Amino acid sequence: MMDQLSFVQKNQDRIHNVENSFGPSGKPLSQPGRVLIGEGRLMKQSRRGPQPKVFFLFNDVLVYGSIILNGRWHKKQQIIPLEDIQLEDLEDGVGMRNQWLIRTPRKSFYVAASSYEEKRAWIEHMEDCQTKLLQSSDRRPSSTFAVTWIPDQASAICMRCSDKFSMTQRRHHCRKCGFVVCRACSKNRAVIEHIHPTKCLRVCTMCHLSLSRTDAEAQEVSRLRGDSTEKIGSDEDEVDGSSEEEEAEEQMEDHDPSRWMDAWSPYVYLKPEHVRPLT
């Protein structure tokens, strides 16, 4: 009984510390039955290249954010339910070793660990937590996932019209296909329901045409069936459809990632008996 009470108290203290590290902008993480399983630092592939991020694995969610003040504080907190995650192991790439792909309905991205052993620990513990969560609850795994964005440096030209990028011709990303495109080729907006059910997001001309055809076919089916439902939003409903997270991806990180490239934080697996408490 005393051991169980000690476990609960230590777990709550650790979760509280994670909450505090994100400051007032972070969302509360303490919930009945939630357990902090492990934590560590991974390199996350962003549109401008690998960036260091801190990750916290709980028994029901994965939390990550940007690192500030030498790792003592974090910002841009993201919370992903484990049932929404699909993992794919990958071979080493030119720029990232020990990498794997994390797919979610709203955003998919590549991450890399400092060693193969840490990579395997992350993947195995995430899959184990997800399996136990799905077996012990009525939650269902996601079946639709967002595409990964092609990094900025992967293309010097628009991947639709082939115009060359420059200081005035900025890069943008289509939320549907992930291609790097110019402003002229990404003026359209469309609802992509698995990313956001109502918000109009930036899409390229080709994807917009494809989505428009799909919507038209769906509306025709509804008309024939006598349904009265209409499309929730349109391109005119919202001029700027970017969410806060997407806007953040459009901007350069406010720290120099080269300072962190060798400052890996080992993955710490907090065993059920908490034999390795955090300091």
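(A) Quick peek at the overall build of the protein. Of the regular secondary structure elements, the protein holds 4 helices and 12 strands. A fraction of 53% describes how many contacts in the protein between residues 6 or more apart in sequence connect residues 24 or more apart. When the accessible surface of the protein is totalled, it reaches about 15900 Å², and 51% of it is carbon and sulfur.

(B) Summary view of the packing of aromatic side chains. According to the stated counting rule, one finds 4 aromatic pairs in the structure shown. Centroid distance Tyr64 to Phe109: 5.3 Å. Interplanar angle 55°. Geometry classified as tilted. With Tyr64 in strand S3 (residues 61–68) and Phe109 in strand S7 (residues 109–112), this pair connects stretches of sequence that are 45 residues apart. An aromatic cluster is built from Phe55, Tyr64, Phe109 and Trp122, whose rings are joined through pairwise contacts. A cation over a ring is seen here: Arg34 above Phe58, with NZ or CZ 5.8 Å from the ring centre. The ring centre of Trp149 lies 4.8 Å from the NZ or CZ of Lys107, which sits over that ring.

(C) Region of the structure containing the nonpolar core. Among the nonpolar cores identified, the biggest contains 20 residues, and Phe55, Leu57, Leu62, Trp100, Ile102 and Trp122 are the most heavily contacted of them. Those elements that place two or more of their residues in this core are strand S1 (36–46), strand S2 (49–58), S3, strand S6 (99–103), S7 and helix H2 (116–135). If one sorts the elements of this core by residue count, H2 sits on top with 5 residues. Formed by 17 residues, the second largest nonpolar core is a distinct cluster that contains Cys158, Cys177, Ile195 and Leu211.

(D) A look at the environment of Lys176. Relative to the elements of secondary structure, Lys176 occurs in the loop between strand S8 (172–173) and strand S9 (180–181). Looking at Lys176, the relative accessible area reads 34%, which means it is partly exposed. Apart from the residues within four sequence positions on either side, Lys176 is in contact with Val147, Ile192, Val203, Cys207 and Leu211.

(E) Main features of H2. When the terminal C-alpha atoms of H2 are compared, their 29 Å separation across 20 residues agrees well with the 28 Å that a helix rising 1.5 Å per residue should span. Of the positions making up H2, those classed as buried are Glu118, Lys119, Ala121, Trp122, Ile123, His125, Met126, Cys129, Gln130 and Leu133.

(F) Layout of the environment of Val8. Residue placement: Val8 occurs in helix H1 (residues 2–21). A C-alpha to C-alpha distance of 8.7 Å links Val8 and Val35, two positions 27 residues apart in sequence.

(G) The arrangement of the pattern of salt bridges in detail. Applying the stated criterion to the full structure yields 8 salt bridges. Of the charged contacts, one joins Glu124 and Arg120 as a salt bridge, the two residues approaching to 3.8 Å between their closest N and O atoms. Of this pair, Glu124 and Arg120 both sit in helix H2, 4 residues apart, which is roughly one turn of the helix. Classification of Glu124 by relative accessible area gives partly exposed; the value is 43%. Three or more residues are tied together by salt bridges with common partners; here these are Asp89, Lys119, Arg120 and Glu124.

Thresholds applied
- Position numbers for residues start from 1 in each chain and track the written sequence from start to end.
- Residue-level local features of this predicted model are given only where pLDDT is at least 70; pairs of side-chain atoms are given and counted only at 80 or more, and the full residue set underlies all totals for whole chains, interfaces and linings.
- With hydrogens and water excluded, all non-hydrogen atoms of the structure serve as input to the side-chain values.
- Helix numbers and strand numbers start at the N terminus; a helix is a DSSP run of H or I with at least 4 residues, a strand a run of E with at least 2.
- Residue contacts are defined here by distance: any two heavy atoms, one from each residue, within 4.5 Å place the two residues in contact.
- Here the open area of atoms and residues is found with the Shrake-Rupley method and a 1.4 Å probe, where only the protein chains shown may cover a residue.
- The pairing test for Phe, Tyr and Trp rings, Trp by its six-membered ring, is centres within 6.5 Å, and the orientation test on the planes gives stacked under 30 degrees, edge-to-face over 60, and tilted for anything in between.
- A ring is considered to have a charge above it if a Lys NZ or an Arg CZ atom is located within 6 Å of its centre and within 35 degrees of its normal.
- Buried Ala, Val, Leu, Ile, Met, Phe, Trp, Tyr and Cys residues form a nonpolar core when they are joined through side-chain atoms within 4.5 Å.
- Accessible area is worked out with a 1.4 Å probe on protein chains only. A residue is then buried under 20% of its type maximum, exposed over 50%, and partly exposed in between.
- For a helix, the expected span equals 1.5 Å multiplied by the residue count minus one.
- Just to be clear on terms, a salt bridge is a Lys or Arg side-chain nitrogen sitting within 4 Å of an Asp or Glu carboxyl oxygen.

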